[in-house]
Structures are given as C-alpha cells and as structure tokens.
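Structure at a glance
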Amino acid sequence: MTSIRDIEREDTDILILGSGGAGLFAALHAQQTAPEGTRITMAVKGLIGKCGCTRMVQGGYNVALGGGDTVERHFMDTIQGGKWLPNQDMAWRLCEQAVIRIRELENEIGCFFDRNPDGSLHQKAFAGQTADRTVHKGDLTGIEIISRLMEHVLARPIRKLQEHRAIGLIPTRDGSALAAVLFIDMRTGRFRLVRAKCVMMGTGGGPTMYKYHTPSGDKTMDGLAMALRIGLPLRDMEMVQFHPTGLLAGDDTRMTGTVLEEGLRGAGGQLLNARGDRFMFDYDRQGERATRDVVSRGIYAEMRKNNDPDQVGMFISMSHLGPENVRRKFAGMVKRCADSGFDLAGGKVEVVPTAHYFMGGVVVDPDTRTAIEGLYVAGEDAGGAHGSNRLGGNGVANSTVYGGIAGDVMGMDMRSMGALRDPDEQVLAAEIERACHPLRRKPGHIQSLRHKLQEAMWEDVGVMRTGPGLQRGQRRVAEIRGELMETGVDPSNLAFNLTWHDWLNMASLTEISAVIARAGELRENSRGAHYREDFPEPGEMETSYFTVARQKGDELELEREDVRFTIVRPGETILPEGEPETLVAAQ
Amino acid sequence: MLNIGLYMAQRLSAMVMAPLVLGHIAVMIYAVQGGLSTAEILDRTQGSVWWFLFYGSFVLAVAAHAAIGLRVILHEMTGLRGRWLEVVTCGIGMLLLIMGGRAVLAVTFA
Amino acid sequence: MSDRSKLLEVSVWRGMGDEGAYETFQVPARDNQTVLDVVSWIQQSADPSLTYRYACRVGMCGSCAMMVNGVPRWTCRTHVKRVLRDGALQIGPLRNLPVIKDLAADMDPFFDKWIRAGGVHRPSRSRDDPIQQVPPDDPGRVEANKGIECINCSVCYAACDTVAGNPDYLGPAALQRAWTLYNDAKVEDRQAVLDSVSGAGGCHNCHSQGSCTRFCPNELDPLSAIAGLKRASARSFFRRGE
Amino acid sequence: MMLKAHRNHPLWLAYMLHRLSGLALALFLPVHFHVLSLALTRPESLDRFLGLADNPAVKLAEFGLVFLLAVHFFGGLRLLALEFLPWSARQKTLAAASIAGAFLISGTFLLQAV
Ligand SMILES: Cc1cc2nc3c(=O)[nH]c(=O)nc-3n(C[C@H](O)[C@H](O)[C@H](O)COP(=O)(O)OP(=O)(O)OC[C@H]3O[C@@H](n4cnc5c(N)ncnc54)[C@H](O)[C@@H]3O)c2cc1C
Ligand code: HEM
Ligand code: SF4
Ligand code: F3S
Ligand code: FES
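**Describing the overall build of chain D**
Along its length, chain D carries four helices and zero strands. Secondary structure elements in chain D, listed N-terminal to C-terminal, are α-α-α-α. For chain D, the proportion of its 114 residues judged to be buried stands at 41%. Taking the intrachain contacts of chain D between residues at least 6 apart in sequence as the baseline, contacts between residues at least 24 apart amount to 69%.

Listed below in structure tokens is the structure:
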C-alpha cells in the first residue's frame with residue numbers, strides 16, 4: 001500500500017485550492033500583483049471552472065451602482081439580513097469592493113450582464129433588499145461569470161492540477177506557518193505534496209450533509225475539516241442556510257434537492273399543501289414572498305403537520321399565472337423540470353427546503369489572512385461576512401471580492417516571504433494514514449452511511465432545532481462516524497476511485513456535522529438561519545455573540561465571542577437622515 | 001486541414017464552376033437528343049475561342065476545387081498530413097489540370 | 001410508485017485509456033431517474049470501482065456528458081425514460097476525447113482548443129472605467145447572446161465527425177465562443193479573433209455536419225456561429241485584398 | 001457502422017451525400033477527360049464509346065454521373081448559401097430541395113436520352 005515514500009513532491013510559490021469565484025479570482029489577481037517569475041498553481045477537486053457552486057449561481061450578484069442605491073445601503077441590508085452578527089469590517093469591504101469587482105468582471109474579464117433598454121446594467125431586488133441591486137445574466141449568472149474567469153485562467157501560465165483533492169494542510173514543525181498541502185491525484189490515486197509560500201483555500205464549504213441540498217457534488221466541507229484539524233478557529237458554524245424550494249423527486253435521484261429558483265415565488269408562485277391550500281400567510285404577512293429562512297420554516301412546519309408518509313413535501317404551483325406565460329418567463333426552469341419529468345408551467349411540483357449555503361467558516365481578517373502564516377481563506381470557506389444569514393446575491397459577490405483580495409494580498413506578501421518552508425513530516429504521515437484508513441478495512445456500503453448522516457442532520461440539526469434534538473444529532477453523527485471508521489474501501493485499484501473519495505467526503509462531512517450540531521446547541525437564541533424552537537427569540541442585539549469552534553487535541557472546544565460593532569450599532573444606521581427605508585417599489 | 005486561403009480557393013472555384021456546370025448540362029441535354037457523335041461535338045466546339053474559355057476555366061476551377069476537396073477527405077480519412085499532404089494535393093491538381101487541358105485542347109483547337 | 005422489481009439492462013464502458021470493454025449491469029428502474037442516477041447507482045451499489053464525472057447535477061457545469069446509446073448527452077438531465085431502448089441502455093465515455101478511466105474523459109484537448117481559438121476576452125476597458133453601455137437590441141449583442149449560454153460540456157465536440165477526422169480542428173464549441181467574442185462590442189481587437197480561427201484547424205474545416213447543433217443540450221447553434229465566422233473571415237479576406 | 005446514432009439526421013446525411021458525390025466526381029472526371037482527349041488522338045474510338053451511350057447499362061451509368069453532379073451541385077449551392085448568405089434556419093428544407101432538384105435534372109436528362 002501507499003507509503004510516505006510513494007508521494008510525489010513539487011514546489012510552487014502561490015497555491016490556490018478550488019476554482020470557484022474565490023479561486024479563479026485569486027489566481028488572476030495573484031498573477032497581476034506578484035513579482036515577475038512567481039509560480040502559481042491551481043489545484044481543484046474537479047475540472048477547472050466546472051465544479052463548485054459559483055458556476056451554479058442563478059439569481060445574481062449584489063452591488064450598489066447608484067440610482068439611489070449606495071454602498072452604505074448595501075452594507076446596512078447585509079448587517080440587518082445577518083441579524084447583527086456579521087463581522088462589520090468584512091461586510092463593509094464586501095459591499096465596497098463589489099463595485100470594483102463588477103466593473104472588472106464586465107470590462108476586463110468580459111462578462112456580459114443583462115441590460116436595461118438604454119444599455120445600462122439591469123438590476124433587480126432579491127428578498128431582503130431595499131434596492132434593486134442584483135446584477136444578473138438571465139438566471140444563469142454563474143455560468144457567465146465562471147466561464148469567462150476560467151478562460152483567463154486557462155490562457156495564463158498557471159500550473160493546473162485538476163482532479164486533485166486536497167486532503168491535508170501541512171504546517172511547519174513548530175506549527176507557526178503553513179508549509180504544504182497534501183493532495184490525492186484522483187486520476188492516478190497517488191499522493192502529491194505541494195509546498196508553497198502562500199496558500200489560498202477556496203474550497204467553498206458546502207452543506208451537503210443534509211438530506212436535501214443544492215451544492216455541487218464535489219463540495220463536502222473538505223476545506224473546513226482541514227482547517228479544523230490544524231487548529232484554526234471556525235465561526236458561525238451553526239448557520240446553515242436553507243433554500244425553501246428544492247425539488248423533491250425521491251431518494252434515488254440526484255435531482256432531489258436542486259433549487260427551483262427564488263424568482264418563481266417573486267413572480268407570484270404559490271406554495272400549496274397536500275390539500276391544495278396556500279399556507280404561507282399563516283406564517284408570515286408577506287406569504288410566499290417572505291425571506292428564505294421564513295419560507296423554509298413555513299414549509300418545514302407544514303410538512304411536520306402532515307403525517308402521510310407518501311406525501312413528504314409541499315407543492316409550488318405556477319399555473320394560475322398562465323402556463324404559456326410561465327413557460328416564457330422561466331424557460332430554463334420549466335425545461336429543467338420537464339427534463340426531470342415535472343410540469344412546472346401547467347402542474348405543480350413537489351418541493352422541500354434544501355440546504356443551500358454555509359455562512360460559517362474559518363475566522364479571517366478582511367485581508368483574508370488566517371491565524372496561521374501562509375494560509376489565506378476566501379469565499380464560502382471564510383466565515384464572518386454574512387453573520388447568520390446570507391442575502392441572495394451576496395454569495396458570489398463575497399467569493400469574487402475576497403478571492404481577488406486574497407490574490408492581491410498574496411501577491412504582495414510574496415515580496416517579503418523567505419524560502420519555502422519544510423513540512424512537518426509527522427503531520428504528513430498522519431494525514432496519509434488518515435486517507436489510507438479505509439483501504440485496510442473490509443469494504444462496505446458508504447452510500448448508506450451518507451444517507452444515514454443526511455437523515456440525522458435533516459431531522460435533528462435542520463431547519464428547526466431544539467436542545468435535545470441537537471444532542472441527539474451529535475450522538476447520531478458520532479455513531480455514523482464510528483461506523484465509517486469501520487467501513488473500508490477495496491484498494492485494488494485506486495485510480496479515479498470514486499468510492500474512496502466518497503469515504504473521504506464522509507470523513508469531512510462527519511467532522512463538520514459534529515461542529516454544526518455543537519455550535520447549534522451553544523447558540524441559545526434564534527437568528528437568521530438558526531432557529532431554536534426552545535429559544536425562539538433573537539436575544540439582545542446589543543450583546544450579540546457569535547460561536548467559535550476549535551479542535552484542541554482530540555477535543556472540540558466551543559465558545560461564544562462578542563460581536564464588535566465597529567461601524568454601526570444595533571438600532572442605528574449609517575444611512576443619511578431621511579433616507580427612505582426601501583427603494584424597492586412595492587410589488 | 002484547410003486554412004482560409006485554401007477555403008477561399010475552394011469556394012471561389014465552386015462559384016466559378018456553378019454556372020459552367022449548369023451550362024454544360026444544358027448543352028448535354030440538348031445534345032443527347034438524337035444521339036451523340038464525335039463529329040457533332042467537335043463541330044460545335046472546334047475552333048471556338050468561347051468554348052475554349054468555357055471549358056478551360058472549368059478545368060482550372062475543377063483542378064483547384066477537387067484537389068482541395070480530396071485533400072480534406074484524405075486528411076480526415078487517412079490522417080495524412082504535413083509535406084505529403086501538400087505533395088498529394090498538388091499532384092491531384094496537376095493531374096486534373098493536364099488531363100483536363102488535353103481534353104479541352106482536343107475538343108477545341110486540335 | 002413504479003414497479004419496484006423492474007430492472008434496466010445497462011452496459012457500461014470499463015477500462016483505462018484505449019483498452020476496455022462494455023460490462024453489463026442490472027439496475028433497478030425508478031420513476032425519477034436520470035442516466036447519471038443509473039451510473040451513480042452502479043458505482044454506489046454494484047461496482048464501487050466505476051469512474052464517472054459530475055458536479056452540479058442540474059445541467060450547469062457540463063461535467064457529466066457521456067455517450068448514451070451512441071449519442072452524446074448530458075446525463076444529469078437526461079431522464080432514462082427518454083432514452084431507454086427495449087429496457088436497455090449503453091453508456092460510454094464521451095467520444096473524440098482521450099479516456100482517463102471508464103466513463104471519465106480527459107477534457108483538456110477541448111479546453112486547449114477553446115483557448116487556441118482565441119476564446120478569451122480582449123478587454124477594451126479596465127476596472128477603473130465605467131461599464132460600457134450596450135443596448136440589449138444591438139445587433140452584435142443579439143448575435144453574441146445566442147451562443148453565450150454554452151456550458152462547455154463538449155457534447156457538440158463529441159458529436160462532430162470533423163473533430164474525429166481532423167485532430168487540429170478546433171471544434172464547434174470553441175468556434176462558437178470565438179463568434180460571440182467577434183460580435184461583442186466590448187472586445188478590443190476583433191480582427192485578432194478572426195485570425196485565430198483562420199489557421200489550419202480553424203472554422204474553415206467545418207463541413208456543416210450540424211451534429212453540434214443537433215445535440216447541443218442547451219439548444220445552441222454552433223453550426224450557424226461557425227457559418228458566421230466563415231462569412232466574416234471571407235469578408236475580411238477580400239477587404240484586406242490578399 | 002456508417003449510420004451510428006449520432007449521424008442519423010438530415011444535415012449529416014446531406015454532408016455525407018455531398019462528400020460521396022464529390023469523391024465520385026473527382027474519380028470520374030479524369031476518365032471523362034481521358035475519353036474526350038481521345039478526340040485528339042483516335043477519333044474513331046471516341047465514336048465507338050459514344051455509340052455505347054445507347055446501351056442501357058451505359059445510360060444508367062451516365063444517369064448516375066449526372067445525378068452525382070446534380071447532387072453535388074445543389075449540395076454545394078446549399079453550402080455556399082449557408083456560408084455566405086445571412087443565415088436562415090431552413091437548412092433541412094434546402095437539403096431536401098437539393099436532392100429533389102438533383103432528381104429532377106437527371107431525370108430530365110434520362111428522359112431526353114431515351
Ligand atoms: C444552486 C445555487 C445557486 C446559488 N445562487 C446564488 C446567487 O444567485 N447569488 C449568490 O450570490 N450566490 C448564490 N449561490 C452561492 C454561491 O454560489 C457561493 O456563495 C459562492 O459561489 C461560493 O464560491 P466559492 O469560490 O467560495 O466556492 P465554489 O464556487 O463552490 O468553489 C469551490 C471549489 O473548491 C473545490 N474544492 C472543494 N473541495 C476541494 C478539495 N478538497 N480540494 C481541492 N478543491 C476542492 C471545488 O471543486 C470548487 O472548485 C448559489 C449557490 C448554489 C448552490
Ligand atoms: C458544380 C459546382 C460545384 C459546386 C457548387 C461545388 C461545391 C462544393 C463545396 C461548397 C464543397 C465544400 C464542402 C465541404 O467542405 O463540406 C465541395 C467539396 C468538394 N467538391 Fe465540389 N462543387 C462543385 C463541383 C465539383 C466537381 C465537378 C467536383 C469533382 C471533380 C467536385 C469535387 C469536390 C470534392 C471532392 C469535394 C470535397 C468534399 C468534402 O470535403 O467532403 N466538386 N464542393
Ligand atoms: S455548444 Fe452546446 S453542446 Fe457544445 S459545449 Fe456548448 S453547451 Fe455543450
Ligand atoms: S458537427 Fe462539426 S462539421 Fe461543423 S457544423 Fe458542427 S462543427
Ligand atoms: S452534472 Fe453538471 S451538467 Fe450534468
């Protein structure tokens with residue numbers, strides 16, 4: 001079997017993990033700012049530009065571009081949406097830099113976003129926003145952004161390690177800095193160690209440990225699990241955003257959980273229960289048009305009332321708007337449903353809340369630096385910018401803004417970096433051992449463990465939570481983890497062995513699931529995406545805290561830390577006096 | 001195995017041939033009524049500058065057109081490339097040019 | 001619910017590189033089942049060593065294309081019902097690309113050609129400039145929009161016999177991208193786009209087979225885009241008076 | 001082997017027809033040229049050859065050739081139109097029309113000949 005001697009070793013200067021909005025922007029900016037001759041390597045679990053969630057962005061990109069809207073207003077929406085939990089400096093930087101990033105995307109990268117008749121950018125409003133702010137390309141915004149970025153990266157002299165899965169961050173012997181990253185070259189099944197002076201992690205979180213989830217299959221919390229293992233603090237880990245309308249098509253298909261877009265509800269789509277009655281107005285004044293978290297809870301509560309085992313979800317119905325009209329306005333969505341065998345325009349489609357985005361992540365500063373020298377984190381892997389809830393449209397803005405910042409900062413830091421660092425060979429050996437663990441055990445059925453985990457998280461650590469539920473969730477996750485450790489993978493051919501990677505995915509997912517449940521237990525109030533039935537109140541805003549989790553030896557330590565209101569205090573605003581509350585015309 | 005130059009040559013030669021082929025077919029339809037004979041054909045064409053130009057330009061065009069056409073087929077079907085492909089293309093072109101030239105001379109200025 | 005006992009007869013390509021053979025599996029039939037689900041089921045429950053590729057599972061990333069009953073398709077959005085023939089399916093790796101293992105093809109040649117065809121924006125402005133006003137009904141824009149939703153899935157590339165015969169040929173997707181750039185009012189040097197598709201493997205090799213347009217899962221039309229490039233390059237050929 | 005599933009559609013068939021007809025024409029043309037140049041050297045054998053034109057088998061071959069030329073001609077016009085005229089989506093109709101035209105011309109030719 002693989003031993004430490006088998007691993008291939010190579011060096012680079014700047015190493016980037018992931019090719020989402022964060023990774024691709026980091027590569028481009030690093031190339032622009034780093035000194036001549038700097039070697040840049042991009043390593044991705046899938047193919048460059050073809051994996052990750054940025055590609056799947058539908059709705060669009062939030063940026064304040066005038067017309068009454070301001071960076072201040074965007075910032076205030078972000079803070080209020082995050083229920084006062086965001087790191088305000090990060091949120092500010094996000095809103096401020098988005099303005100530059102969108103110009104970069106349009107002018108330098110070559111994206112073309114939808115226009116108004118006069119040729120200016122078209123902007124719309126997602127729920128929870130007080131201005132028409134979301135720039136988009138139809139409902140396929142992510143494809144436009146990632147395809148264009150990908151082209152620039154592919155055309156540049158950047159070393160590409162595709163289908164290379166990062167499995168361990170390897171620090172120096174004294175643990176003060178990052179020395180290298182360990183990969184599995186998935187195509188060959190061999191290990192590769194890449195030393196680098198600066199590493200940016202943009203592996204994009206991904207709450208795929210839930211029964212229903214939207215992110216792409218390659219996202220399994222690997223980055224956060226790696227960060228946890230080298231002792232980095234993770235914040236807001238209880239904050240899992242559910243999208244209210246995921247397609248429900250049964251356990252046997254990967255279509256289940258995929259998003260039916262937000263715009264459907266915005267345009268007047270109705271949510272119906274099994275009896276065919278609208279129910280959202282029982283939960284919120286705005287009915288179907290309420291924010292994601294509210295609608296998700298509405299659907300979840302309604303699902304619980306229903307005790308017919310064959311009838312799990314609720315229904316979204318569009319036909320009252322006229323099937324032809326729906327077909328025209330939501331062409332992409334209607335076709336996607338039709339491909340999967342559902343008639344969105346004329347019939348009704350069964351939906352469930354589905355895990356969509358992970359607000360939690362590594363603690364970073366607004367320059368993407370982490371507690372360990374040489375490691376930078378951006379995008380969905382980084383915590384702080386969104387607090388307890390991410391506004392629709394702030395996700396790509398976040399990954400592209402902070403990816404670019406990471407690239408710039410790494411490029412500049414390169415100038416003062418000394419030589420490549422030597423990795424701690426013991427940690428390296430331990431990480432290899434960890435990855436090889438299943439290869440020495442009797443092969444088992446990993447998929448059924450994944451199902452079990454997804455059930456446990458959905459039931460006990462899901463849309464609505466209770467203290468006892470969260471504890472039960474932790475026990476269940478620990479049990480599943482135990483079973484996983486006894487489940488093996490046939491080692492006879494490790495080249496492109498997806499089952500081995502399924503096992504490794506499960507390893508990351510169980511590690512992080514445990515943290516989510518623990519953090520959920522620690523937060524004894526309800527904010528944004530986190531809802532405790534036993535603590536339904538949001539708690540004092542003034543004394544807001546966020547959760548921080550750290551691995552210390554074998555122990556997971558959690559603590560609360562006070563939110564610092566560095567720019568605005570609860571109840572106050574930075575908008576000029578007399579500014580209207582919202583600029584969005586009532587629907 | 002086409003660049004823009006070869007492509008234009010093939011398309012332009014095709015455009016040249018189109019009216020010529022049409023003309024030729026029309027004449028043939030007319031001619032075959034009542035059977036063909038050498039004398040009949042030659043009568044019509046011998047000594048005519050116009051027929052010389054007519055068939056002459058056809059031969060020029062077809063030599064380029066077919067050579068390029070066969071070059072493409074050869075490349076795609078057999079993988080032939082590089083110098084040999086150029087040689088074969090030119091060879092086919094020359095062959096058609098010589099044979100066609102002989103034929104035109106035969107029917108016009110023999 | 002469907003009849004739980006029904007089985008599909010699925011033969012799947014197994015092998016590394018050029019070597020390999022089809023292997024048959026019995027897969028339980030389900031009501032909601034895509035070709036990707038069938039492949040996943042085999043890997044998860046019948047043969048853990050089966051290799052394939054997917055990411056988004058909703059037709060956005062273009063990672064999951066395979067040959068299904070001899071036709072290239074995105075598998076995540078191909079319902080089994082639509083392609084089943086006598087209860088059987090044949091699934092192979094995408095054509096015209098080297099095979100890494102089983103159903104996973106090496107897409108590098110496809111992307112190398114994408115770049116060789118000039119498929120990168122050539123900026124006329126920087127991040128410090130305002131965003132260019134482009135009316136949505138600007139004719140160039142309308143033309144560019146037609147091809148812009150390409151997910152680079154390589155289905156068209158696999159369908160095209162010119163690609164199969166001519167290893168230099170850039171292929172439909174890369175050429176279509178060049179055409180969108182050529183029509184993009186924001187692109188600086190549009191002649192350069194034409195130049196990069198006028199060489200030995202360029203747009204002039206296309207025989208208008210139309211398989212690209214026929215099979216593009218997004219209903220894009222590379223055939224017309226390539227015709228557009230031919231037209232534009234011919235025009236510039238005369239203009240330059242060569 | 002030729003009609004693999006991905007080839008089974010009108011535009012591909014039109015392409016193959018165009019290729020085969022072009023290929024056949026390219027093979028036939030040298031023969032045709034050779035026969036004509038016989039006029040130069042041995043007029044009597046040209047006559048003998050043309051005499052054969054009354055033979056039904058030869059008639060059929062002639063028909064085939066004209067058919068090929070017509071197919072290729074219309075196919076070529078179709079391609080030229082597709083490439084040089086602003087695009088219209090009427091590809092398939094054009095492909096069909098070109099085959100129809102081919103039949104028409106060669107048919108006329110054959111009828112005239114007999
Ligand atoms: C369906 C959907 C729709 C969305 N719509 C919107 C929207 O309309 N607006 C919005 O603002 N946000 C939206 N989001 C959220 C948005 O996509 C994310 O916030 C953002 O794109 C994350 O970017 P990222 O670069 O951090 O990660 P990603 O784009 O997810 O990229 C992660 C990358 O890391 C790689 N990776 C993962 N693990 C490893 C490993 N172990 N080793 C190496 N590489 C690894 C992945 O393969 C991938 O390349 C949506 C998300 C989904 C799922
Ligand atoms: C009558 C007028 C003609 C026209 C309008 C015409 C048109 C064309 C066109 C447009 C092509 C390009 C096809 C492609 O690249 O896909 C072509 C190819 C070809 N033509 Fe012609 N052609 C004509 C006559 C001829 C003649 C007389 C011959 C034979 C001597 C011929 C032989 C070929 C060959 C061999 C090809 C290559 C086919 C291929 O690449 O698939 N053509 N023709
Ligand atoms: S043109 Fe269509 S088939 Fe070709 S790569 Fe793009 S989306 Fe895929
Ligand atoms: S299938 Fe190929 S030949 Fe041209 S029209 Fe499409 S690229
Ligand atoms: S998995 Fe992304 S297109 Fe099929």
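**Some words on the site of ligand 3**
All names here are of chain C. Around ligand 3, the surrounding shell holds 13 residues, and the nearest of these are Cys150, Cys153, Ser154, Cys156 and Cys216. Going through the elements one at a time, helix H5 (155-159) and helix H7 (172-183) are the ones with two or more residues in the shell around ligand 3. Partitioned by chemical class, the residues of the shell around ligand 3 number nine nonpolar, four polar and no charged.

**Brief notes about the pattern of salt bridges**
In this structure the tally under the stated criterion is 73 salt bridges over all chains. One salt bridge connects Arg82 of chain C with Asp339 of chain A, and the closest N-O pair in it is separated by 3.7 Å. You can see Arg82 of chain C sitting in helix H2 (residues 80-83) and its partner Asp339 of chain A sitting in helix H9 (residues 331-339), one on each of two chains. A relative accessible area of 48% means that Arg82 of chain C is categorised as partly exposed. Classification of Asp339 of chain A as buried rests on a relative accessible area of 10%. The shortest N-O distance in the salt bridge between Glu511 of chain A and Arg481 of chain A comes to 3.7 Å.

**Describing the site of ligand 1**
Residue and element names in this part refer to chain A. With respect to spatial proximity, 37 residues lie near ligand 1, and among them Cys53, Thr54, Asp218, Lys219 and Gly395 are the closest. Between ligand 1 and Ser19 there is a distance of 3.0 Å, counted from an oxygen atom to a backbone nitrogen or oxygen. The separation between an oxygen atom of ligand 1 and a polar main-chain atom of Glu380 is 2.8 Å. Taken by itself ligand 1 offers 1,000 Å² of open surface, and the protein chains cover 98% of this. Of the residues forming the shell around ligand 1, the biggest block, four residues, is contributed by helix H10 (residues 394-413). For the shell around ligand 1, a count of residues per class yields ten nonpolar, 20 polar and seven charged.

**Considerations on the coordination of the iron atom of ligand 2**
Here the iron atom of ligand 2 is held by His65 of chain B (NE2) and His72 of chain D (NE2), and the distances to it run 1.9 to 2.0 Å. Note that the iron atom of ligand 2 binds six donor atoms; their angles at the metal cover 85 to 179 degrees, and the shape is octahedral. Of this pair, His65 of chain B sits in helix H3 (residues 49-78) while His72 of chain D sits in helix H3 (residues 56-84), placing the two residues on different chains. The class of His65 of chain B is buried, set by a relative accessible area of 14%.

**Quick word on the interface of chain A and chain C**
Across the boundary between the two partners, chain A contributes 72 residues, which contact 68 residues of chain C. Both sides of the chain A and chain C interface together cover about 5,800 Å² of buried area, and 52% of this is carbon and sulfur. For chain A, the biggest contributors to the area lost against chain C are Lys50, Asn107 and Arg254 of chain A; these three give 15% of the whole. Connecting chain A to chain C are nine salt bridges. Taking the shortest distance from any N to any O, the salt bridge between Glu151 of chain A and Arg177 of chain C comes out at 2.7 Å. Counting the contacts that link chain A with chain C gives 47 residue pairs in polar contact (both at pLDDT 80 or more). Secondary-structure elements contributing two or more residues to the side of chain A that touches chain C are helix H1 (21-33), helix H3 (88-109), helix H4 (141-155), H9 and helix H14 (498-522) of chain A. Tallied by class, the residues present in the side of chain A that touches chain C amount to 23 nonpolar, 27 polar and 22 charged.

**Things to note about the arrangement of the chains**
By contact count, the dominant pairing among the four pairs of chains in contact is that of chains A and C. The two units chain A and chain B never meet; even their closest C-alpha atoms stay 23 Å apart. Contact between chain A and chain D is absent, and the least distance between their C-alpha atoms amounts to 20 Å.

**Quick notes on the packing of aromatic side chains**
Applying the stated rule across the entire model yields 22 aromatic pairs over all chains. Aromatic side chains Tyr300 of chain A and Trp458 of chain A sit 5.5 Å apart centroid to centroid with 80 degrees between the ring planes, which places their arrangement in the edge-to-face category. Separated by 158 residues along the polypeptide, Tyr300 of chain A in helix H7 (residues 292-305) and Trp458 of chain A in helix H12 (residues 446-460) bring together distant segments of the chain. A residue is classified by how much of its surface remains accessible, and Trp458 of chain A, at 7% relative accessible area, is buried. Ring plane angle 75 degrees and centroid distance 5.1 Å describe the contact between Trp51 of chain B and Phe54 of chain B, whose orientation is recorded as edge-to-face. One end of the pair, Trp51 of chain B, and the other, Phe54 of chain B, are both in helix H3, three residues apart, so they sit about a helical turn from each other. Taken together, the ring pairs in this structure connect Tyr210, Tyr212, Phe242, Tyr300 and Trp458 of chain A into an aromatic cluster. Of note, Arg292 of chain A hangs over the ring of Phe126 of chain A, and the distance from its end group to the ring centre comes to 5.7 Å. One cation-aromatic arrangement involves Arg560 of chain A over Tyr545 of chain A; the distance from NZ or CZ to the ring centre is 4.6 Å.

**Considerations on the pairing of strand S8 (residues 164-171) of chain A**
Residue and element names in this part refer to chain A. Across the eight residues of S8, eight count as buried, placing the element largely inside the fold. Of the strand pairs in this sheet, S8 and strand S9 (residues 178-185) are connected by seven bridges, and their pairing is antiparallel. Its bridge partner being in S9, Arg165 is matched across the sheet by Ile184.

**A look at the pairing of strand S10 (residues 190-195) of chain A**
Residues and elements named next belong to chain A. Among the six residues that make up S10, five are buried, leaving the element largely enclosed by the rest of the structure. In the sheet, S9 pairs with S10 via six bridges, with the strands oriented antiparallel. Among the inter-strand pairings, Asp185 is bridged to a residue of S10, identified as Arg190. Connecting S9 to the antiparallel partner S10 that follows it, the hairpin turn spans four residues, and Gly189 within it adopts a positive phi of roughly 80 degrees.

**Digging into the environment of Pro109 of chain C**
Note on placement: Pro109 of chain C falls in helix H3 (residues 108-116). Setting aside its immediate chain neighbours within four residues, Pro109 of chain C contacts Leu97 and Pro98 of chain C.

**Some points on H3 of chain A**
Residues and elements named next belong to chain A. Most pronounced at Ala98, the bend in H3 amounts to some 35 degrees. Within H3, 16 of the 22 residues are buried, which leaves the element mostly enclosed by the surrounding structure. Of the residues flanking the start of H3, the one acting as N-cap is Asn87, its side-chain oxygen 3.0 Å from the backbone nitrogen of Asp89.

**So, the environment of Arg177 of chain C**
By secondary structure assignment, the location of Arg177 of chain C is in helix H7. On a C-alpha basis, the gap between Arg177 of chain C and Gly118 of chain C in space is 8.4 Å, while along the polypeptide they are 59 residues apart. Setting aside its immediate chain neighbours within four residues, Arg177 of chain C contacts Arg148 and Glu151 of chain A together with Trp114, Gly119, His121 and Ile148 of chain C.

**Focus on the packing of H3 of chain A against H10 of chain A**
Residue and element names in this part refer to chain A. Closest axis-to-axis distance for the H3/H10 pair is 9 Å, and the angle between their directions is 85 degrees. As summarised for this structure, H3 and H10 are arranged roughly perpendicular, according to the angle between their axes. Along the contact surface, H3 presents Asp89, Met90, Arg93, Leu94, Gln97, Ala98 and Arg101, while H10 presents Asn394, Ala397, Asn398, Thr400, Val401, Tyr402, Gly404 and Ile405. Looking at side-chain class alone, the contact of H3 with H10 contains seven nonpolar, five polar and three charged residues.

Conventions and cut-offs
Residues numbered from 1 in each chain as written. Chains lettered and ligands numbered in written order. Predicted model: local features only at pLDDT ≥ 70, side-chain atom pairs only at ≥ 80, totals over all residues. Heavy atoms only, no water. Helix = DSSP H or I, 4+ residues; strand = E, 2+ residues; numbered from the N terminus. Buried < 20%, exposed > 50% of the residue type's maximum accessible area, 1.4 Å probe, protein only. Contact = heavy atoms within 4.5 Å. Near = heavy atom within 4 Å. Nonpolar A, V, L, I, M, F, W, Y, C, P; charged D, E, K, R; others polar. Salt bridge = Lys/Arg side-chain N within 4 Å of Asp/Glu carboxyl O. Polar contact = N/O pair within 3.5 Å; in protein donor to acceptor, adjacent residues only side chain to side chain. Areas by Shrake-Rupley, 256 points an atom, 1.4 Å probe, with all protein chains shown as cover. Donors = N, O, S within 2.8 Å, 3.2 Å for Na, K, Ca; no water. Tetrahedral: all angles 85-135°; square planar, octahedral: opposite > 155°, others 65-115°. Buried area = accessible area lost by both parts, 1.4 Å probe. Phe/Tyr/Trp six-rings, centres within 6.5 Å; stacked < 30°, edge-to-face > 60°. Lys NZ or Arg CZ within 6 Å of the ring centre and 35° of its normal. Pairing = 2+ DSSP bridges. Bend = angle between axes of the 7 residues up to and from the residue. Axes fitted to C-alpha atoms, helices over the stretch in contact; angles between N-to-C directions. Parallel < 35°, antiparallel > 145°, perpendicular 65-115°, else oblique.

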